[in-house]
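Each chain, written out:
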Amino acid sequence: MQYLGHRLRHEIKYYINDSVYHTLRGRLRTVAGADPNMKEEDGYLISSLYFDDVYHSAMNEKQAGICFRKKYRLRCYNRQDTRINLECKRKYGEYISKDSMAVSRGEYDAMLAGNYDVLMDHPDTVGREVYALHHARLLKPVVAVEYLREAYVLAQGNVRITFDKEISASVNDYDMFSEYYEVKKVLEPGIMVLEVKFDDYLPDMIYQILKTAMTNKCAISKYVMCREEKRRILAR
């Protein structure tokens, strides 16, 4: 499905516990393959540095349940700077789309230092959007979100199922490569987020496996829960 030139996918999220996780994981492995990026059985580490503007639009729009919204973030994997992406994630009700562009470590450092001119003439739209929003609405980094992602994929329906574990928020420095970078877990032990993404349909065999978890569908935002945790930490 397309909307204004963006490819849309379904995205559904659930809170699950360890018991449900182990059951689903065992069943999924019989029909779906591990994500090629998953070199370790337990998954790979994702760190995302989220931006918001002076009006806290990303935070407020999510909490208000606005159907059409977007968030900007810098993302790296396993805390390595060999692959850094600047991304815009758009939400259209239960549909999502994502634009992504690669940035260098130098461009990453420039943005964190407040120099967005490195994006001014970038050929990718997302870079120019971040440049414009920084100057118009003081868009800047606000919190880093980190978790261990275990992912499975199925070609039929272009399905991607992920278990996001050990979800954590940056405590002080949000520079993901800083020696002072530190995170704190935001969920109770044994609780994680199950995400299900697919194109036009969810194959019945996947639905049958997941239906035990599908009673707990939630409007989950790792970004919001981590910002709230950081706010609690700063208020102490």
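Just so you know, these numbers come straight off a predicted model, no measurement behind them.

For the rest of this paragraph, the subject is a nonpolar patch on the surface. A surface patch of nonpolar side chains, about 320 Å² in accessible area, is lined by Val54, Tyr55 and Leu138. Tracing the backbone shows Tyr55 in the loop between strand 5 (44–52) and helix 2 (57–64).

What follows covers the side chain of Lys13. Structurally, Lys13 is set in strand 3 (residues 9–17). By relative accessible area, Lys13 is classed as buried at 11%.

The next thing to look at is the packing of aromatic side chains. Throughout the structure, instances matching the rule amount to six aromatic pairs. Taken together, a centroid distance of 5.0 Å and an interplanar angle of 75° make the contact between Tyr21 and Phe163 edge-to-face. Of this pair, Tyr21 sits in helix 1 (residues 18–28) while Phe163 sits in strand 10 (residues 159–170), placing them 142 residues apart in sequence. Plain terms: the ring middles of Tyr44 and Tyr77 are 6.1 Å apart, the flat faces sit at 50° to each other, and that makes the pair tilted. Residue Tyr44 is found in strand 5, and its partner Tyr77 is found in strand 6 (residues 68–77); the two are separated by 33 residues along the sequence. A relative accessible area of 17% means that Tyr77 is categorised as buried. Sitting over the face of the ring of Tyr147, Lys222 holds its NZ or CZ atom 4.8 Å from the ring centroid.

Cut-off values and rules
- Residues numbered from 1 in each chain as written.
- Predicted model: local features only at pLDDT ≥ 70, side-chain atom pairs only at ≥ 80, totals over all residues.
- Heavy atoms only, no water.
- Patch = residues over 30% accessible without salt bridge, like charges linked within 9 Å, V, L, I, M, F, W, Y side chains within 5 Å.
- Areas by Shrake-Rupley, 256 points an atom, 1.4 Å probe, with all protein chains shown as cover.
- Salt bridge = Lys/Arg side-chain N within 4 Å of Asp/Glu carboxyl O.
- Helix = DSSP H or I, 4+ residues; strand = E, 2+ residues; numbered from the N terminus.
- Buried < 20%, exposed > 50% of the residue type's maximum accessible area, 1.4 Å probe, protein only.
- Phe/Tyr/Trp six-rings, centres within 6.5 Å; stacked < 30°, edge-to-face > 60°.
- Lys NZ or Arg CZ within 6 Å of the ring centre and 35° of its normal.

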